[in-house]
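# A look at the structure
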Amino acid sequence: MKEAGYKFDAIVIGAGPAGSSAAYTLAKKGFKVLVVERGRAPGSKNMFGGRVYADPIREVFPDLDKSAPIHRWVTKERISLVSGGKMTSIEFEGGERVSFTTYLTELSSWMAKKVEEAGGIVLTEITVDNLVMENGRVRGIKVGNEEVLADVVIDAEGINRLLLERAGLVPKLSPSYTGLGVKEVIKLSKEDVERNFGLGDGEGMAWLFMGDVTGGLPGGAFLYTNKDSISLGMVVMLSSAVERVKEHISRYVERLRLHPLLEKYFRNGRIMEYSAHLVPEYVWPTIPHRLYGDGFLVVGDAAGLLLNLGYNFRGVDFASYSGYLAAQAVEKAHSMGDMSAKNLSIYQELLERSFILKQLRSFKDAPKMRENERLYGLYPYLVNEVADKLFHARYETPKLMDAFKDAKKGKIGWFTLIKDLYEVSRSI
Ligand SMILES: Cc1cc2nc3c(=O)[nH]c(=O)nc-3n(C[C@H](O)[C@H](O)[C@H](O)COP(=O)(O)OP(=O)(O)OC[C@H]3O[C@@H](n4cnc5c(N)ncnc54)[C@H](O)[C@@H]3O)c2cc1C
């Protein structure tokens, strides 16, 4: 760590996808950039499910396809509704390959290496304790007793955003706006991954689950196939987990792995890793009104820029692209003479014009809809009961509507059903 007195053009807090994308874009343009990461290696403190959407990241890192740690391109999507010992699934194959599976630790390390190749400095195992503030302007970072100054600080500290909270720049995150993610990585041979999931060489699967696999907690479970392992886990609302979970949350993932309909996929598997992490859930109200100020910008999860629709999860690409836009804003502000809030406000405009804020605005009701507990209990049950009646005919096959009426009898009225359908169709 350099002594106070040395000044960088930009300091980036956190070597996750958001921070490294901002730093890489700036370093490539000749800015003196310092990235400070508290983990032992970039990404070692991060966690995610397993799938990344490629296009936005390719715009930031054009040689993504050539050198990034891509495990498998997702060629098979499956969504399953689970209730008790029954599961109804829809599956999609074909179309273009737009997302890939990876480990976030590997992807973050690859991005940080690109920062260094472009001339930026990445320091690990250093925790930023505070922002250096002067008359409401961010001047740098504080690590222990040392201060390091910069024209602009890009906060990419992830969802916990303690530094921003401490500096009074964002409100405290409420549990009702936050999800809890838990995940196991299960080691299998490459051949077992391909055989068990019906995949060819380099092909991958994204499998999402709704129903009682989350033990009745609002949320969903996921499975992604890596090169020679499986990422299996779930994201549940933190507020309901705090109220209802009476045992270690890892037991929930263990039960998912041992589910009678699923355990055959992991036979011969060995648990390599267990992790848990918070995730922004109810995103729209948690996004600070302003993601910029005098001498600072906020990117990625720290800014609440993440979209979880259940059938897709866009965190890494949103984070990376927001870092890229922040770097463009810094470049513009630099050409205008200083890093004042006025000049940096171009970042907000760039976000507004990009897919990021358009998508978040258009899906702003999706998290609210996910609070409806019928989605996790009653509806998977109804779908499975109807499927059971239609597919497992003994003598007579019922008509679809009769099977449905029979399944729903005494469980839900038409009015509530239509209202739920209407809300789902409006929000996702
Ligand atoms: C369970 C779960 C499943 C997910 N699944 C997916 C998925 O399948 N696909 C997807 O695209 N997204 C997924 N996400 C979201 C995705 O992981 C995040 O959106 C993404 O990692 C955000 O990147 P970031 O750079 O903003 O933050 P992070 O990746 O969290 O990086 C922040 C970095 O800042 C560092 N840091 C924090 N504080 C300090 C400090 N004071 N000093 C120094 N360093 C600091 C941290 O160590 C960390 O490395 C998932 C998240 C969870 C929790």
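Residues numbered from 1 in each chain as written. Predicted model: local features only at pLDDT ≥ 70, side-chain atom pairs only at ≥ 80, totals over all residues. Heavy atoms only, no water.

### A word on the overall build of the protein
Applicable threshold: In DSSP terms, a helix is any run of H or I states spanning at least four residues, a strand is any run of E spanning at least two, and both are numbered starting from the N terminus. Only C-alpha atoms enter the radius of gyration; for comparison, a globular chain is expected to reach 2.2 Å times N to the power 0.38, where N is the number of residues. A 1.4 Å probe rolled over the protein chains alone gives each residue an accessible area, and that area as a share of the maximum for its type sets the label: buried under 20%, exposed over 50%, partly exposed in between. Whether two residues are in contact is decided by their heavy atoms: any pair within 4.5 Å suffices. Counted charges follow a simple rule, with Lys and Arg positive, Asp and Glu negative, and His plus the chain ends left uncounted. All charge positions are set by atom: Lys at NZ, Arg at CZ, Asp at CG, Glu at CD.
For the protein, the helix and strand inventory stands at 17 helices and 19 strands. For the protein, the C-alpha radius of gyration of 23 Å lies close to 22 Å, the compact-globule estimate for 428 residues. C-alpha atoms of the protein, sized along the principal axes, occupy 85 × 50 × 40 Å. Counting the 428 residues in the protein, one finds 54% classified as buried. Across the protein, every contact between residues at least 6 apart in sequence was considered, and the portion connecting residues at least 24 apart equals 72%. Counting 57 positive and 54 negative side-chain charges, the protein places the centres of these two groups 3 Å from one another.

### Regarding the site of the ligand
So the rule is basically this: Nearness here has a simple test: a residue counts as near a molecule or strand if at least one of its heavy atoms is within 4 Å of that partner. Pairs of N or O atoms within 3.5 Å make up the polar contacts considered here, provided that, within protein, one atom can donate a hydrogen while the other can accept it, and that residues adjacent in sequence are counted only when both atoms are side-chain atoms. Every accessible area reported is derived by Shrake-Rupley at a probe size of 1.4 Å, with residue values counting cover from the shown protein chains alone. Note on residue classes: Ala, Val, Leu, Ile, Met, Phe, Trp, Tyr, Cys and Pro are nonpolar, Asp, Glu, Lys and Arg are charged, and everything else, Gly too, is polar.
Near the ligand, the surroundings consist of 36 residues, among which Glu37, Gly49, Arg51, Asp301 and Val316 are the closest. Backbone polar atom of Ala18 to an oxygen atom of the ligand: 2.9 Å apart, as the coordinates give it. The backbone of Arg51 places a nitrogen or oxygen atom 2.7 Å from a nitrogen atom of the ligand. In the complex, 97% of the free accessible area of the ligand, which totals 1000 Å², lies under the protein chains. Contributing elements (two or more residues each) for the shell around the ligand: helix 1 (17-28), strand 15 (270-280) and helix 10 (316-336). Among the elements that take part in the shell around the ligand, strand 15 stands out by supplying three residues, more than any other. In terms of residue class, the shell around the ligand is built from 19 nonpolar, 11 polar and six charged.

### Remarks on the nonpolar core
Worth spelling out the cut-off: Only buried residues count toward a nonpolar core, which is a set of Ala, Val, Leu, Ile, Met, Phe, Trp, Tyr and Cys residues joined through side-chain atoms within 4.5 Å.
Formed by 85 residues in total, the largest nonpolar core has its most connected members in Ile11, Ile141, Leu305, Val330 and Tyr347. Top contributing element to this core by residue count: helix 10, with 11 residues. Among all residues touching Leu305, those that are not within four sequence positions of it are Ile287, Leu291, Gly300, Gly315, Phe318, Ala319, Ser322, Tyr347, Leu351, Ile356, Leu357 and Leu360. In terms of nonpolar packing, the next biggest core, distinct from the first, is built from 29 residues, Ile186, Phe197, Leu199 and Leu262 among them.

### Some points on the domain arrangement of the protein
Selection rule: By convention here, the domain bounds are inherited from an automatic or database domain assignment. Put simply, buried area is how much 1.4 Å-probe accessible surface two parts lose in total, over both of them, once they are put together. Every case where a carboxyl oxygen of Asp or Glu lies within 4 Å of a side-chain nitrogen of Lys or Arg is listed as a salt bridge.
In terms of domain boundaries, the protein breaks down into domain 1 (7-50 + 103-171 + 288-353), domain 2 (176-280) and domain 3 (369-427). Here the C-alpha centroids of domain 2 and domain 3 sit 26 Å apart. Each partner contributes to the roughly 530 Å² buried at the junction of domain 2 and domain 3, and carbon and sulfur atoms together form 59% of this total. The tally of links between domain 2 and domain 3 comes to zero salt bridges. Of the residues in the side of domain 2 that touches domain 3, the class split is three nonpolar, three polar and two charged.

### Observations concerning the packing of helix 15 (residues 378-391) against helix 16 (residues 400-408)
Note the threshold: Note on method: axes are straight lines fitted to C-alpha atoms, helices fitted across the in-contact stretch only, with angles between N-to-C directions ranging 0 to 180 degrees. The scheme is simple: roughly parallel for angles under 35 degrees, roughly antiparallel for over 145, roughly perpendicular for 65 to 115, oblique for anything else. We call a crossing left-handed when the near helix sits turned anticlockwise from the far one by less than a right angle, and right-handed when that turn is clockwise.
Following both chains from N to C, one finds helix 15 and helix 16 inclined at 135 degrees, their axes separated by 9 Å at the closest point. Considered as vectors, helix 15 and helix 16 are oriented oblique to each other. Two packed elements cross with a definite hand, and for helix 15 against helix 16 that hand is right-handed. Residues Tyr381, Leu382, Glu385, Val386, Lys389 and Leu390 of helix 15 touch helix 16, and the partners they reach there are Leu400, Ala403, Phe404, Asp406, Ala407 and Lys408.

### Describing the packing of helix 1 against helix 4 (residues 104-117)
One way to put it is that helix 1 packs onto helix 4 with a least axis distance of 8 Å and a crossing angle of 20 degrees. With respect to their mutual orientation, helix 1 and helix 4 come out roughly parallel. At the point where helix 1 passes helix 4, the crossing takes the left-handed sense. Along the contact surface, helix 1 presents Pro17, Ser20, Ser21, Ala23, Tyr24 and Ala27, while helix 4 presents Leu104, Ser108, Met111, Ala112, Lys114 and Val115. When grouped by side-chain class, the residues that make up the contact of helix 1 with helix 4 number eight nonpolar, three polar and one charged.

### Here's the deal with the packing of aromatic side chains
Quick note on the threshold: Paired rings are identified among Phe, Tyr and Trp, the last through its six-membered ring, by centres lying within 6.5 Å, and are further divided according to the angle between planes into stacked (under 30 degrees), edge-to-face (over 60) and tilted (the rest).
One pass over the full model with this rule turns up 11 aromatic pairs. Relative to Trp110, the ring of Phe61 lies with its centre 5.2 Å away and its plane at 55 degrees, an arrangement referred to as tilted. Of this pair, Phe61 sits in the loop between helix 2 (54-60) and helix 3 (64-67) while Trp110 sits in helix 4; the two residues are 49 residues apart in sequence, bridging distant segments of the chain. Summarising the burial analysis for this pair, Phe61 and Trp110 share the class buried. One aromatic cluster in this structure is built from Phe197, Trp207, Phe209 and Tyr265.

### Focus: a nonpolar patch on the surface
Put simply, the rule reads: A patch consists of residues whose relative accessible area exceeds 30% and which take part in no salt bridge; residues with like charges are grouped when within 9 Å of each other, and nonpolar side chains (Val, Leu, Ile, Met, Phe, Trp, Tyr) when within 5 Å.
On the surface, a nonpolar cluster with roughly 310 Å² of combined accessible area is contributed by Met401, Trp414 and Ile418. Mapped onto the secondary structure, Met401 falls in helix 16.

### Let's talk about the pattern of salt bridges
Taken as a whole and assessed by the stated rule, the structure comprises 29 salt bridges. The shortest N-O distance in the salt bridge between Arg72 and Glu194 comes to 2.9 Å. Note that Arg72 is positioned in strand 4 (residues 72-83) and Glu194 in helix 6 (residues 190-197), a separation of 122 residues in sequence. We note a salt bridge from Glu194 to Lys190, for which the minimum N-O separation is 3.1 Å. Taken together, the positions of Glu194 and Lys190, both in helix 6 and four residues apart, correspond to about one turn of that helix.

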